[in-house]
Amino acid sequence: MLSEKLLQHLNEQMNFEFFSAHSYMAMAAYCSAEGLDGFANFFLVQAEEERFHAMKFYNFINALGERAIITGFQSPNNEFTSVLDCFEKALAQEKEVTKRIYKLSDIAWDEREHATINFLKWFIDEQVEEEDMFDSIIQKLKRIQNDNNALFMLDNEFSKRTFTPEEK
């Protein structure tokens, strides 16, 4: 049985994952409005991945016989100055997710809640990949600067991105 504190933080993280999905939808909308459909696709896929993460929390909470509590959240940022700005804001958001997952993990360790510790390990590994991916894209965008051909190539590459959740 989960403590109230741990359950509250698991529910908060589930809802933050849903919020993250909305944030990525806002970034996709910006990219679409700028005629960058590949970048829009990148963020749409990222939103789908965040909803998948939220549902992992939802299912975990329910599997432990607890109740997932769905809450509302603030509107995501809809103001961006460039594609680079979108990715820099996305990296900042992923760093916030990492911070939250670490806090959850600390609580689970303090409470010796081994099922939650094991569950969160997947998210810790995932966050390393997420931050690395966004940082890498930011570096590419900074290198290409105003090179429209390079931007077009990256946009084309991102148009092929898909999300296929693993079976775990």
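Rules and cut-offs
- Residues numbered from 1 in each chain as written.
- Predicted model: local features only at pLDDT ≥ 70, side-chain atom pairs only at ≥ 80, totals over all residues.
- Heavy atoms only, no water.
- Helix = DSSP H or I, 4+ residues; strand = E, 2+ residues; numbered from the N terminus.
- Rg over C-alpha atoms; globule rule 2.2 N^0.38 Å.
- Buried < 20%, exposed > 50% of the residue type's maximum accessible area, 1.4 Å probe, protein only.
- Contact = heavy atoms within 4.5 Å.
- Lys, Arg positive; Asp, Glu negative; His and termini not counted.
- Charge placed at Lys NZ, Arg CZ, Asp CG, Glu CD.
- Salt bridge = Lys/Arg side-chain N within 4 Å of Asp/Glu carboxyl O.
- Phe/Tyr/Trp six-rings, centres within 6.5 Å; stacked < 30°, edge-to-face > 60°.
- Lys NZ or Arg CZ within 6 Å of the ring centre and 35° of its normal.
- Expected span 1.5 Å × (residues − 1).

A. Looking closely at the overall build of the chain. In terms of regular secondary structure, the chain is built from five helices and zero strands. Listing every helix and strand of the chain by position from the N terminus yields α-α-α-α-α. Over its C-alpha trace the chain gives a radius of gyration of 17 Å, about what one expects of a compact globule, namely 15 Å for 168 residues. Looking at the chain residue by residue over its 168 residues, the buried ones come to 48%. Pairs at least 24 residues apart make up 82% of the contacts formed inside the chain by residues separated by at least 6 positions. In the chain, 17 side chains carry a positive charge and 30 a negative one; their mean positions are 3 Å apart.

B. Quick peek at the side chain of E126. Along the chain, E126 falls in helix 4 (residues 114-144). For E126, which is buried and forms no salt bridge, the nearest opposite charge comes from R161, at a distance of 7.4 Å. Contact partners of E126, with chain neighbours within four places excluded, come to E49 and H53.

C. Up close: the packing of aromatic side chains. For the structure shown, the criterion picks out 20 aromatic pairs. Both rings, one in F39 and one in F158, keep their centres 5.2 Å apart while their planes meet at 80 degrees; by these two values the pair is edge-to-face. Linking F39 in helix 2 (residues 37-63) with F158 in helix 5 (residues 148-158), this pair joins segments that are 119 residues apart in sequence. Its relative accessible area of 0% is what places F39 among the buried residues. The class for F158 is buried, based on a relative accessible area of 7%. When the centroid spacing of 5.8 Å and the interplanar angle of 85 degrees are considered together, the rings of F42 and F134 count as edge-to-face. With F42 in helix 2 and F134 in helix 4, the pair connects residues that are 92 residues apart, well separated along the chain. Taken together through their ring pairs, the aromatic side chains of Y24, F39, F42, F43, F87, F134 and F158 make up a single cluster. Over the ring of F16 we find R100; its NZ or CZ atom is 3.9 Å from the centre of that ring. Above the face of the F42 ring, R161 is positioned so that its terminal group lies 4.1 Å from the ring centre.

D. Here's a closer look at helix 1 (residues 4-33). The end-to-end C-alpha separation of helix 1 is 44 Å, in line with the 44 Å expected for 30 residues at 1.5 Å each. Helix 1 sits mainly inside the fold: 21 of its 30 residues count as buried.

E. Here's a closer look at the environment of E111. Examined against the element boundaries, E111 turns out to sit in the loop between helix 3 (83-110) and helix 4. Overall, E111 belongs to the partly exposed group, its relative accessible area being 31%. As a C-alpha pair, E111 and L2 span 109 residues in sequence and 9.0 Å in three-dimensional space.

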